[in-house]
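# Chains, contacts and geometry: an overview
One letter stands for each residue in the lines below.
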Amino acid sequence: RDEEEGWELGFEDEEWDRTLKSAAVFSFRDGIEELVEGLVRALEEEPRVELKTGVDVVGVSLDSETKSFEIRLANGETVQASHIISALPLPVLSTLLPSPTSVPHLTVNPFATVMVLNLVFATAHFKEPLHPPGFGYLIPRPEVGYDTQSEEESKTPGILGVVFDTASLAAQDYSVSVEGGSGSGDEVKFIKMTAMLGGPYPISSAEIDLDEVLTQLSVHLGTILPKPVYHKFHRNANSIPTYLPGHVDRVAEMRKVLEEDWSGRLKIIGAGVGGVSMSDCIKAGREAAREIVRQGDFVL
Ligand SMILES: Cc1cc2nc3c(=O)[nH]c(=O)nc-3n(C[C@H](O)[C@H](O)[C@H](O)COP(=O)(O)OP(=O)(O)OC[C@H]3O[C@@H](n4cnc5c(N)ncnc54)[C@H](O)[C@@H]3O)c2cc1C
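Residues numbered from 1 in each chain as written. Predicted model: local features only at pLDDT ≥ 70, side-chain atom pairs only at ≥ 80, totals over all residues. Heavy atoms only, no water.

The name given to the chain in an unreviewed UniProt entry is Amine oxidase domain-containing protein, with the source organism recorded as Dentipellis fragilis.

Our focus in this paragraph is the overall build of the chain. Each helix and strand in the chain was counted, giving nine helices and ten strands. Per-residue burial for the chain yields a buried fraction of 32% across its 300 residues. The long-range fraction of contacts in the chain, counting pairs at least 24 apart against all pairs at least 6 apart in sequence, stands at 72%. If you sum the accessible surface of the chain, you get close to 19100 Å²; carbon and sulfur atoms cover 55% of it. (Helix = DSSP H or I, 4+ residues; strand = E, 2+ residues; numbered from the N terminus. Buried < 20%, exposed > 50% of the residue type's maximum accessible area, 1.4 Å probe, protein only. Contact = heavy atoms within 4.5 Å. Areas by Shrake-Rupley, 256 points an atom, 1.4 Å probe, with all protein chains shown as cover.)

To continue, consider the packing of aromatic side chains. Scanning all chains against the criterion turns up three aromatic pairs. Ring centres of Phe69 and Trp262 lie 6.1 Å apart, and the angle between their planes is 15 degrees; on these two criteria the pair is classed as stacked. With Phe69 in strand S2 (residues 68-73) and Trp262 in the loop between helix H7 (247-260) and strand S10 (266-268), the pair connects residues that are 193 residues apart, well separated along the chain. Since its relative accessible area comes to 0%, Phe69 is described here as buried. Judged by its relative accessible area of 5%, Trp262 falls in the buried class. Here Tyr137 and Phe164 contribute two aromatic rings whose centre-to-centre distance is 6.0 Å and whose plane-to-plane angle is 65 degrees, an arrangement assigned as edge-to-face. Of this pair, Tyr137 sits in strand S6 (residues 136-138) while Phe164 is found in the loop between strand S7 (159-163) and helix H5 (165-168), placing the two residues 27 residues apart along the sequence. (Phe/Tyr/Trp six-rings, centres within 6.5 Å; stacked < 30°, edge-to-face > 60°.)

With that settled, consider the site of the ligand. Taken together, 17 residues lie around the ligand, and Val57, Leu88, Ala271, Val276 and Met278 are the ones closest in. A distance of 2.8 Å is found between a nitrogen atom of the ligand and a backbone nitrogen or oxygen belonging to Val57. With respect to the ligand, the backbone of Met278 contributes an N or O atom lying 2.8 Å from an oxygen atom. Expressed as a share of its isolated accessible area of 1000 Å², the protein-covered part of the ligand is 54%. Elements represented by at least two residues in the shell around the ligand include exactly strand S5 (111-122), strand S9 (230-241) and helix H9 (278-295). The greatest single-element share of the shell around the ligand, amounting to three residues, is contributed by S9. Residue composition of the shell around the ligand, grouped by class: twelve nonpolar, four polar and one charged. Of the residues that make up the shell around the ligand, three or more belong to each of domain 1 (2-108 + 246-295) and domain 2 (111-241). (Near = heavy atom within 4 Å. Polar contact = N/O pair within 3.5 Å; in protein donor to acceptor, adjacent residues only side chain to side chain. Nonpolar A, V, L, I, M, F, W, Y, C, P; charged D, E, K, R; others polar. Domains from an automatic or database assignment.)

We now examine the sheet that holds S5. As summarised here, the arrangement of the five strands in space is S6-S7-S8-S5-S9, forming an open sheet in which the pairing is antiparallel. The sheet terminates laterally at S6 and S9, the two strands that pair on one side only. The average undirected angle you get between the axes of adjacent strands in this sheet is 20 degrees. As paired strands, S5 and strand S8 (residues 190-199) are joined by ten bridges and run antiparallel to one another. Across the sheet, residue Phe121 finds its bridge partner in S8, namely Ile191. Against the sheet, helix H6 (residues 210-221) contacts S5, S6, S7, S8 and S9, and its axis sits at roughly 80 degrees relative to S5. (Pairing = 2+ DSSP bridges. Axes fitted to C-alpha atoms, helices over the stretch in contact; angles between N-to-C directions.)

Next up, the structure:
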């Protein structure tokens, strides 16, 4: 079945197939946002779909007689549903259910906060490349373990790795002119990099010192990085669940409760359950939808 869908996605194109197989990383031309925009467009064209955006779910309850759900929204609206596929972060979901123990294990795993730093360097006047060719680099856990300084003491969060965007996803730079720009006919070139910081390292709530990060990156790269022409920090608070030992068993127990106490009508997916990668999340969504179609009892 996956193979059939692979063909639908265009894998019958041999060149595309070859390119994808040899790719270390892939994205979309205008960034990963294209995926969400494409999904929204497709759903909006579907008359049986009603999208409710920009409003939080504030509560979920199951009527044990009718086996139907009531989903309460922050704007006061309620939605009746025969089935729910929840892709909410698990700690959020746990606060929406009738009791925190309605579904087990939702708050066991901690979440890591990751700071992303986008950097753009103008390199027209640089003779040496800023970095070697390749995807980038990841920094392994220090032999002595992670820095245990408190968040406030640690001004610069540990660097986890750097992606060389211009080298690994050059096709995304199609709109950037490499000619002109300075008015003198000089060739203007840009190099994009993305540094990931934090995760297991404590992240200071104070502003991160860009110069200090650049100094660290310069040491890694064996060069002196120039001032970037653009930079932006993104703080992704509690964004990546870290599965503690026993996660697979806990997920199995959770699914058993969902089958028995919730008649299989509540499916829980997302990064907190079956894998944090985008493809894990997409696959879990597809499987949950298929299971509901197999169950077939849609009447409210
Ligand atoms: C910095 C970073 C880099 C990453 N890089 C990669 C990568 O290169 N490749 C890869 O495969 N994966 C990557 N990941 C992982 C991947 O992006 C995530 O694990 C995945 O997007 C999580 O998807 P999700 O749908 O489970 O959660 P989310 O995308 O977090 O979605 C949860 C949604 O629930 C909504 N929500 C919360 N509360 C409520 C509420 N009460 N009512 C209604 N809605 C609510 C939120 O607004 C949010 O939209 C990265 C993650 C991070 C943080």
